[in-house]
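# Architecture and fold: a report
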Amino acid sequence: MIIENTQTQMRKGILEYCILSIIAKGEIYASDIIAELRKAQLLVVEGTLYPLLTRLKNNGLLTYTWVESTSGPPRKYYLLSEEGKLVLEQLDKTWQELAFAVQTSIDARNNN
């Protein structure tokens, strides 16, 4: 049970960063974000993604536009705001620091 909780917390902690990274590539629809996360083996359902996107938007990190669709209702496409780009740059640095720390810890364990 402890391992599952730790794994869940690790995934939750990285999910926003991954979403911002995906959106940084350019304007994207929510189902395409989910597809990108699945490719990275981060399984996310719409019920998890939409509240997260709303929170990121409310925090000023995302903007969106409505685009008419030929196959149904208009679609909401997300894009990083200028603030979102700055936050992503900071998160990139934080990730590099964390990845180094984790890898250093693993290497130290394996070398003993």
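Structure shown above.
Worth saying up front: this structure is predicted, and the values here are computed from it rather than measured.

### So, the pairing of strand β3 (residues 72-80)
In summary, the side chains of a regular strand alternate between the two faces of the sheet. Both strand β1 (residues 28-29) and β3 contribute to a ladder of 2 bridges, which runs antiparallel. By the bridge assignment, tyrosine 29 is partnered in β3 with tyrosine 77. Two elements, strand β2 (residues 62-69) and β3, share 7 bridges in a ladder whose sense is antiparallel. Counted as the bridge partner of valine 67 is arginine 75 from β3. Taking the residues that link successive antiparallel strands as the turn, the β2-β3 hairpin has 2 residues.

### Some details on the packing of aromatic side chains
By the definition in use, this model includes 4 aromatic pairs. Judged by centre distance (5.5 Å) and plane angle (35°), the rings of tyrosine 29 and tyrosine 77 are tilted. One end of the pair, tyrosine 29, is in strand β1; the other, tyrosine 77, is in strand β3, with 48 residues separating them in the sequence. Note on tyrosine 64 and tryptophan 66: the rings are 6.2 Å apart at their centroids and 85° apart in plane angle, and the pair reads as edge-to-face. By relative accessible area, which is 55% here, tryptophan 66 ends up exposed. Following the ring pairs from residue to residue traces out a cluster consisting of Tyr64, Trp66 and Tyr78. Across from the ring centre of tyrosine 29, 4.5 Å away, lies the NZ or CZ of arginine 75, which sits over that ring. Sitting over the face of the ring of tyrosine 64, lysine 76 holds its NZ or CZ atom 4.2 Å from the ring centroid.

Rules used in this analysis
- Residues numbered from 1 in each chain as written.
- Predicted model: local features only at pLDDT ≥ 70, side-chain atom pairs only at ≥ 80, totals over all residues.
- Heavy atoms only, no water.
- Pairing = 2+ DSSP bridges.
- Helix = DSSP H or I, 4+ residues; strand = E, 2+ residues; numbered from the N terminus.
- Phe/Tyr/Trp six-rings, centres within 6.5 Å; stacked < 30°, edge-to-face > 60°.
- Buried < 20%, exposed > 50% of the residue type's maximum accessible area, 1.4 Å probe, protein only.
- Lys NZ or Arg CZ within 6 Å of the ring centre and 35° of its normal.

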